[in-house]
2 protein chains.
Amino acid sequence: MTENRPSKPHSGRQNPSGRQNLDPHLERYAARTAGMTASEIRALFAVASRPEVVSLAGGMPNLAALPLDTLSAQVAEIIAEDGLVALQYGSAHGVPALREQICEIMALEGIKAHPDDVVVTVGSQMGLDMVTRLFCDPGDVVIAEGPSYVGALGSFAAYQAQVVHVAMDEHGLVPELLREALDRTEKAGRRVKFLYTIPNFHNPAGVTLAVERRAEILEICRTHGVLVVEDNPYGLLGFDGQTYPALRSTDPDNVVYLGSFSKTFASGLRVGWVLAPHAVREKLVLAAESATLCPPTFNQMIVSRYLATHDWKGQIKKFRENYRDRRDAILSALDQYLPPGCSWTKPDDGFYVWVTVPEGVDTKAMLPRAVTARVAYASGTGFYADGFGSRQMRLSYCYPTPERIREGVRRLAAVLESEMDLARTFGNVSARRIQGPQNPSPDTV
Amino acid sequence: MTENRPSKPHSGRQNPSGRQNLDPHLERYAARTAGMTASEIRALFAVASRPEVVSLAGGMPNLAALPLDTLSAQVAEIIAEDGLVALQYGSAHGVPALREQICEIMALEGIKAHPDDVVVTVGSQMGLDMVTRLFCDPGDVVIAEGPSYVGALGSFAAYQAQVVHVAMDEHGLVPELLREALDRTEKAGRRVKFLYTIPNFHNPAGVTLAVERRAEILEICRTHGVLVVEDNPYGLLGFDGQTYPALRSTDPDNVVYLGSFSKTFASGLRVGWVLAPHAVREKLVLAAESATLCPPTFNQMIVSRYLATHDWKGQIKKFRENYRDRRDAILSALDQYLPPGCSWTKPDDGFYVWVTVPEGVDTKAMLPRAVTARVAYASGTGFYADGFGSRQMRLSYCYPTPERIREGVRRLAAVLESEMDLARTFGNVSARRIQGPQNPSPDTV
């Protein structure tokens, strides 16, 4: 039934450089598409996803502990008992019962919220996209940690917002550097719309914002008239069960909070939420309506029933224990195998270790060689909007088994040794990138 | 656990008009939010959704004929057998097996496509939003039928695209008027990015584009260098089982095709797709990734299994018969009850009748009175980007039973009679709107 891809390429048209352009639509695209670029790992996806490759690249949660039998019975019940609701359009705002449960979850981090101010989204990514849609005109500035979540940078680019990174240290975002960045950006006549921050178990940096810094950061943003967008997908996954007070809990009118069930329950259902200041919420619902009409009703009912009937806090405890074992495995493997000159964060929680490699090694250039050696990672440049990060990489320990993690790190160490040998012998032959101190990573601060 | 809404309003700030503004974030919103407005029916939603109100307003498909027992067993199987895949992130491109099945479905309308060029979206609304994201800079023009789908107008507004409407007659979009609109827009120095069209069983107009016009419209768009976005959610629902050749079937390089399972299977799963020209597809995947990361994996697997194991064409036949009965009911009720001076389309298929009322009656102003009389409809202004439509309304016959439809039309007729009486006595006291011939509806051409 399907057409075979023609072997002859499209005829295309000539572009000004004289090279043949294979896309006849090139002149039609919106300016924002210039910022849409594929991640490095995607180009290698076909190879990197082979079973013999240990992938430390993706951020897929490990779902093996989920009670599939119980869930199987529950989804069947929802369709049998309430199928005509589950399979029908809902509102863009989200299912009311779920929005109430979401308020109970957020209360664990000190948030007092009204269910009316919760908007359910197709994963937290959609929440991020909607918040950017609401606030960012082209050229507006978003302040973000450097490094920051790659999916956030993708949304900011899609709305032509410009990212100014602020460095973290082992206690998270550095208030003094945030103040300086705001002053500098405002003096340059640029409009800052919000601070995008992942306070807990940072992706990719693996650090948590110290509690004593939180009030200061909120105060800085208030003073500068800048909104705070708090992205908190990992907050309940602290390995020792500890939680931190959400930024939203002390500043409800100036914080937009993004939450997700992707890490605490099931990413494939794509259920996340935005808790918005009351004044913002109606516009948020309208924006969401223009994006997807409504989030899937069935999926919201699945999450709602799971929360109502299952020991979901006990389940999160199981997840946390899984991740702690994997964190222990990667840290001991990094200690054992990585050559001198490498440094890395020591995460107390979360999914990621952020590694800095010696000068002369370019993690983006090295990636194809690593994949050939059957290990994949995410090179650091993807986590910066400004080209920084070529000496950094993110290693995800969330998904593979501890044994595979150890083996992956062993392979990675061999590739690194060989790159460092080359660099010592020939200098860095990869394209030179920004490696200066203007956006220090947690390891270079 | 949830906070009570404080009874004291936010302190707010003064805006230039001197009135107190309750939204402290007002100056922060992006310019595009100016185009985000709630539909008239939404303001009345709490009342209009009471059971005693006959709603002819929504476009909810009637799912009563779905085999819930079978579906219940199938969703349970997917979780039990393949839950770790179903509940996990997938690719932004979509599940490969489903993309192959989608190609088989599109073949029913003459489309030859490669599964690689299909991108699964969170309903067709997301497809529309992504296409607009890819192609429209602020100020770019989209040509659309007048009236057009309200959700499409919402996406165009979100990207600050400007809509130029072209009228239809009983055979759909009028080629000569399309040519004139393109000439006029180009002469004004404006950039037209695409024609957005619903060729089959139009929402809201209830007409179908004549087959003999299709090649001409494609040719006009090609000549003017304008892409065609073909939105076809209803194509397989022709009451007599007839299908029409998709625009995409004869012009694969210049048509972006939007499809959906919302009307042929289950809207609440939010599974739709875009078939894009090959050159566009990669950018589309990147855009989708920035919007939601990926569509829900579980939902795609449900649709795929349903298509593979169920007599889905037989199911569509049942849906069609339901809708045909309802169409018959509404047309006979309109004939019987509506006062002289009203006219309406006679749909062969689809979900909607488009009614034009006598001069002096404003359907938007009348809506609260209709809801008080326990009948709801969608007023015509929502289907135009330019304020036209105050003498039009859309009646949806897809959801209520034939008996309820008859009763709804009877109530509507009484409200109309009373409005017409008032207009005869006092003139039209509602705010005057554009009622001129510059955007004639199907009934005024």
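What you are looking at is a predicted structure, and each value in this text was computed from that prediction instead of being measured. (Residues numbered from 1 in each chain as written. Chains lettered and ligands numbered in written order. Predicted model: local features only at pLDDT ≥ 70, side-chain atom pairs only at ≥ 80, totals over all residues. Heavy atoms only, no water.)

What to know about the overall build of chain A
Then step 1. Of regular secondary structure, chain A possesses 15 helices and 16 strands.
Then step 2. Taking all 445 residues of chain A together, 61% fall into the buried category.
Then step 3. Of the contacts formed within chain A by residues at least 6 apart in sequence, a portion of 76% connects residues at least 24 apart.
Then step 4. Carbon and sulfur atoms make up 51% of the accessible area of chain A, which totals about 16300 Å². (Helix = DSSP H or I, 4+ residues; strand = E, 2+ residues; numbered from the N terminus. Buried < 20%, exposed > 50% of the residue type's maximum accessible area, 1.4 Å probe, protein only. Contact = heavy atoms within 4.5 Å. Areas by Shrake-Rupley, 256 points an atom, 1.4 Å probe, with all protein chains shown as cover.)

Quick word on the relation of the copies chain B and chain A
Then step 1. Laying chain B over chain A is done by rotating through 180° and shifting 0.0 Å along the axis; what remains is an RMSD of 0.0 Å. On this basis, the relationship between the two copies can be described by a two-fold rotation axis. Distance from the rotation axis, computed per C-alpha, reaches its smallest value in chain B at B:Ala76: 2.6 Å.
Then step 2. Both copies contact each other with a shared surface, as 100% of the interface residues of chain B are interface residues in chain A too. (Least-squares fit on C-alpha atoms with pLDDT ≥ 70 in both.)

Description of the pattern of salt bridges
Then step 1. Scanning the entire structure with this criterion turns up 32 salt bridges over all chains.
Then step 2. Among the salt bridges present, the one from A:Arg213 reaches A:Asp169, with a minimum N-O distance of 2.8 Å. One end of the pair, A:Arg213, is in helix H8 (residues 211–223); the other, A:Asp169, is in strand S6 (residues 162–169), with 44 residues separating them in the sequence. There is no split in this pair, since A:Arg213 and A:Asp169 are both buried.
Then step 3. For B:Glu216, the salt bridge is made with B:Arg179, and the minimal N-O distance between the two is 3.4 Å. A residue pair is termed long-range when its members are at least 10 positions apart, and B:Glu216 in helix H8 (residues 211–223) and B:Arg179 in helix H7 (residues 175–187) qualify at 37 residues.
Then step 4. Beyond isolated ion pairs, a larger network of salt bridges with shared partners links A:Glu77, A:Glu81 and A:Arg305. (Salt bridge = Lys/Arg side-chain N within 4 Å of Asp/Glu carboxyl O.)

Digging into the UniProt feature "domain: Aminotransferase class I/classII large" (unreviewed entry) in chain A
Then step 1. Per the UniProt annotation, the sites labelled "domain: Aminotransferase class I/classII large" (unreviewed entry) are residues 74–412 of chain A.
Then step 2. Secondary structure within residues 74–412 of chain A divides into 46% helix and 17% strand; the distance between the first and last C-alpha atoms comes to 42 Å. (UniProt positions renumbered as here; feature names shortened; annotations may be inferred.)

Quick word on unusual backbone geometry
Then step 1. A:Pro204 follows A:Asn203 through a cis peptide bond whose omega is 10°.
Then step 2. Structurally, A:Pro204 can be placed in the loop between strand S8 (192–197) and H8.
Then step 3. Look at A:Arg270: it is not a glycine, yet its phi comes out positive at around 55°.
Then step 4. Despite not being glycine, B:Phe201 has its phi angle at roughly 55°, a positive value.
Then step 5. Position of B:Phe201 relative to the elements: it lies in the loop between strand S8 (192–197) and H8.
Then step 6. We classify B:Phe201 as buried; its relative accessible area is 1%.

Section: the sheet that holds strand S12 (residues 343–344) of chain A
Residues and elements named next belong to chain A.
Then step 1. Taking strand neighbours across the sheet as the criterion, the 4 strands line up as S12-S13-S16-S15 in an open arrangement whose pairing is antiparallel. The open sheet terminates on both sides in strands that have one partner only, identified here as S12 and strand S15 (378–379).
Then step 2. Where strand S13 (residues 352–356) lies against strand S16 (residues 392–396), 5 bridges are found, and the strand directions are antiparallel. Each bridged residue has a counterpart across the sheet, and for Tyr352 the counterpart in S16 is Ser396. (Pairing = 2+ DSSP bridges.)

Some points on the pairing of strand S10 (residues 255–260) of chain B
Residue and element names in this part refer to chain B.
Then step 1. Counted residue by residue, S10 has 6 buried out of 6 residues, so it is predominantly covered.
Then step 2. Two strands pair when backbone bridges link them, and strand S9 (residues 227–231) and S10 are joined in this way by 4 bridges, in the parallel orientation. Each residue of the ladder has a partner; that of Glu230, found in S10, is Tyr257.
Then step 3. In the sheet, S10 pairs with strand S11 (residues 272–275) via 4 bridges, with the strands oriented antiparallel. Counted as the bridge partner of Ser260 is Gly272 from S11.

A few points about the packing of H7(B) against H8(B)
Residues and elements named next belong to chain B.
Then step 1. Orientation of H7 relative to H8, taken along the N-to-C sense of each, is 10°, at an axis distance of 10 Å. Our classification of the angle between H7 and H8 gives roughly parallel. Packed against H7, whose contacting residues are Pro175, Leu178, Arg179 and Leu182, the element H8 presents Arg213, Glu216, Ile217, Ile220 and Cys221 at the interface. (Axes fitted to C-alpha atoms, helices over the stretch in contact; angles between N-to-C directions. Parallel < 35°, antiparallel > 145°, perpendicular 65-115°, else oblique.)

What about the nonpolar core?
Taken as a class, soluble globular proteins show a tendency for nonpolar side chains to be buried jointly.
Then step 1. One finds A:Phe298 and B:Phe298 to be the most contacted residues of the largest nonpolar core, which totals 164 residues.
Then step 2. Beyond its immediate sequence surroundings of up to four residues, A:Phe298 is in contact with A:Val75, A:Ile78, A:Ile79, A:Ala86, B:Val75, B:Gly268, B:Leu269, B:Phe298 and B:Ile302. (Core = buried A, V, L, I, M, F, W, Y, C linked by side-chain atoms within 4.5 Å.)

Observations concerning the packing of aromatic side chains
Then step 1. Following the criterion strictly, the structure yields 27 aromatic pairs over all chains and no others.
Then step 2. With a centroid separation of 5.8 Å and an interplanar angle of 50°, the aromatic rings of A:Phe351 and A:Tyr352 are classed as tilted. We note that A:Phe351, like A:Tyr352, is buried.
Then step 3. Centre to centre, the rings of B:Trp354 and B:Phe383 are 5.6 Å apart; their planes meet at 90°, and the pair counts as edge-to-face. Highlighted residues: B:Trp354 in strand S13 (residues 352–356) and B:Phe383 in the loop between strand S15 (378–379) and strand S16 (392–396), separated in sequence by 29 residues.
Then step 4. An aromatic cluster is defined as three or more aromatic residues linked by ring pairs; in this entry it consists of A:Tyr234, A:Tyr323, A:Phe351 and A:Tyr352.
Then step 5. One cation-aromatic arrangement involves A:Lys283 over B:Tyr29; the distance from NZ or CZ to the ring centre is 4.6 Å. (Phe/Tyr/Trp six-rings, centres within 6.5 Å; stacked < 30°, edge-to-face > 60°. Lys NZ or Arg CZ within 6 Å of the ring centre and 35° of its normal.)

A closer look at the sheet that holds S13(B)
All names here are of chain B.
Then step 1. The strand order S12-S13-S16-S15 describes an open sheet built from 4 strands, whose pairing is antiparallel. The two strands at the open ends of the sheet, each matched to only one other strand, are strand S12 (343–344) and S15.
Then step 2. Here 2 bridges tie S15 to S16, and the two strands are oriented antiparallel to one another. When the bridges of S16 are listed, Ala378 appears paired with Arg394.

A short note on the packing of helix H4 (residues 96–107) of chain B against helix H12 (residues 297–309) of chain B
All names here are of chain B.
Then step 1. Here H4 crosses H12 at 50°, and the two axes come no closer than 9 Å. Judged on the interaxial angle alone, H12 and H4 are oblique. As for how H4 packs across H12, the hand of that crossing is left-handed. Contacts between H4 and H12 involve Ala97, Leu98, Gln101 and Ile105 on the former and, on the latter, Gln300, Val303, Ser304, Leu307 and Ala308.
Then step 2. Here the contact of H4 with H12 is built from residues that sort into 6 nonpolar, 3 polar and no charged. (Left-handed = near helix turned anticlockwise from the far one by under 90°. Nonpolar A, V, L, I, M, F, W, Y, C, P; charged D, E, K, R; others polar.)

A look at the domain arrangement of chain A
Residues and elements named next belong to chain A.
Then step 1. Along its sequence, chain A is organised into domain 1 (38–63 + 312–424) and domain 2 (67–307).
Then step 2. The interface is formed by 28 residues belonging to domain 1 together with 34 residues belonging to domain 2.
Then step 3. Summing both partners gives a buried area of about 2600 Å² for domain 1 against domain 2, and 66% of it is carried by carbon and sulfur.
Then step 4. It is Trp312, Arg320 and Asp349 in domain 1 that bury the most area against domain 2; as a group they hold 26% of the surface buried on that side.
Then step 5. Seen at the junction of domain 1 and domain 2, the total is 1 salt bridge.
Then step 6. One salt bridge connects Arg324 with Asp240, and the closest N-O pair in it is separated by 3.8 Å.
Then step 7. Between the two partners, domain 1 and domain 2, sit 9 residue pairs in polar contact (both at pLDDT 80 or more).
Then step 8. Secondary-structure elements contributing two or more residues to the side of domain 1 that touches domain 2 are helix H13 (312–337) and S13. (Domains from an automatic or database assignment. Buried area = accessible area lost by both parts, 1.4 Å probe. Polar contact = N/O pair within 3.5 Å; in protein donor to acceptor, adjacent residues only side chain to side chain.)

Observations concerning the environment of B:Ala291
Then step 1. Along the chain, the position of B:Ala291 falls in helix H11 (residues 278–292).
Then step 2. Put simply, B:Ala291 and B:Val353 are 62 residues apart on the chain and 34 Å apart in space, counted from C-alpha to C-alpha.
Then step 3. Discounting residues that sit within four places of it in the chain, B:Ala291 has contacts with A:Gln125, A:Met126, A:Asp129, B:Met126, B:Met130 and B:Arg133.

A few points about the interface of chain B and chain A
Then step 1. Of the residues lining the interface, 99 residues belong to chain B; the matching set on chain A comes to 99 residues.
Then step 2. For the pair chain B and chain A, the summed buried surface comes to about 8300 Å²; carbon and sulfur atoms form 60% of the total.
Then step 3. Connecting chain B to chain A are 2 salt bridges.
Then step 4. One salt bridge connects B:Arg133 with A:Asp129, and the closest N-O pair in it is separated by 2.4 Å.

Quick word on H8(B)
All names here are of chain B.
Then step 1. Arg213, Arg214, Ile217, Leu218, Ile220 and Cys221 are the residues of H8 that are buried. End-on view of H8: buried residues confined to an arc of 160°, all on one side of the axis. Of the exposed residues in H8, the ones pointing more than 90 degrees away from its buried face are Glu212, Ala215 and Thr223.
Then step 2. Positioned one or two residues after H8, Gly225 has a phi angle of 65°, which is positive. (Arc of directions from axis to C-beta.)

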